[in-house]
Every structure is written in C-alpha cells, then in structure tokens.
Amino acid sequence: MKNRILFVLMICMLPFFCQAQDTTAKHKHKKTHKTAKAAALPPWAAAHNYDATAHVYFPDYYTFYDPNRGGYVYWSGGKYTFTPSVPPYLEKVDLSKTRIQILKGVSLDLHPELNYPYYMEQYPADNSGNTRVPVPVPGNPAGN
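Residues numbered from 1 in each chain as written. Predicted model: local features only at pLDDT ≥ 70, side-chain atom pairs only at ≥ 80, totals over all residues. Heavy atoms only, no water.

**Details of the overall build of the protein**
Line of reasoning, step 1. Counting its regular elements, the protein contains 2 helices and 5 strands.
Line of reasoning, step 2. Listed by position from the N terminus, the elements making up the protein come as α-β-β-β-β-β-α.
Line of reasoning, step 3. Sequence separation of at least 24 residues holds for 63% of the intrachain contacts in the protein that already meet a minimum separation of 6.
Line of reasoning, step 4. On the protein, roughly 10,000 Å² of surface is accessible, and the fraction owed to carbon and sulfur atoms is 58%. (Helix = DSSP H or I, 4+ residues; strand = E, 2+ residues; numbered from the N terminus. Contact = heavy atoms within 4.5 Å. Areas by Shrake-Rupley, 256 points an atom, 1.4 Å probe, with all protein chains shown as cover.)

Structure follows, in structure tokens:
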C-alpha cells in the first residue's frame, strides 16, 4: 500500500518537476555570450578570404595582425609594438598581394607575438634583402 501511494505521488509530482527543469533550461539559454569585437575588416582581408576569426602572420614582414586588439604587432626598438594602423614600413606595401599565414587554432585571447620563434621557423621570411623590415630577435620574443 505504501508503495502504491508513493508511486501515485511521484506520478502526480512529475509534471511539476519537469516544468521546473524546463524553466532552468530556459534561463541557461538566455545567458549572454561573449562575442568578438565588431570591427571593420582590414582592406586586404577580402583578397585573402580572411574573416577576422584568427590571427594573421605576415612572414616576409615579421608582423602580426591581431583582430582581437584590432591592429598590428611588429618589432620596433627591441620589443614588440602594437598599432591600430599599418606599421610605417608597410604603408606602401599592397597587403592584398603579400604572402600571409592565417593562424587558425590560436586563441584570439593570446598574443601571437609570444610564439614568434615558432612562427619564424614554420613560416620563414622571403624578404629578398629588404632591410627596411625590423627583424625580431628570436631569443627575446616578448621584447623583455
């Protein structure tokens, strides 16, 4: 008899329990999600089918484009420097025609320049003697 009463009570309470779970699920669904900054794509992006979902490395210029920060990171004065505009030595370069490496799989929260020695080895520069481009010192990637 106790088992029957317990069973009936459980059956009667089941809709209330399910409704409480659905409400919780609705609240979880309404959570706000962190989204990437809505920034304009750089002018060279279309030529490279770039959508700002990854960092970009310009191996011939030892320069990174960081979409999270919205600009470029390059070596200057013995350290990495960030600028929202194209670095001075790239102002006359047609970046839509230059060689790039899209760094897929690298979190946008990371600063790509911290792994510069790896990228230097994986994607060697072909700057054909261009001395205007500052070359980072591999043993000092963060410029410390």
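**Thoughts on the pairing of strand 2 (residues 63–66)**
Looking along a regular strand, one sees side chains alternate from face to face of the sheet.
Line of reasoning, step 1. What you see with strand 2 is no split at all: Thr63 and Tyr65 on one side and Phe64 and Asp66 on the other are buried throughout.
Line of reasoning, step 2. Relative to strand 2, strand 1 (residues 55–58) runs antiparallel, the two sharing 3 bridges. Residue pairing across strands places Tyr57 opposite Phe64, the latter belonging to strand 2.
Line of reasoning, step 3. Where strand 1 folds back on strand 2, the antiparallel hairpin that results is connected by 4 residues, among which Tyr62 adopts a positive phi of roughly 50 degrees. (Buried < 20%, exposed > 50% of the residue type's maximum accessible area, 1.4 Å probe, protein only. Pairing = 2+ DSSP bridges.)

Note that all results are geometric; they support no functional claim without further evidence.
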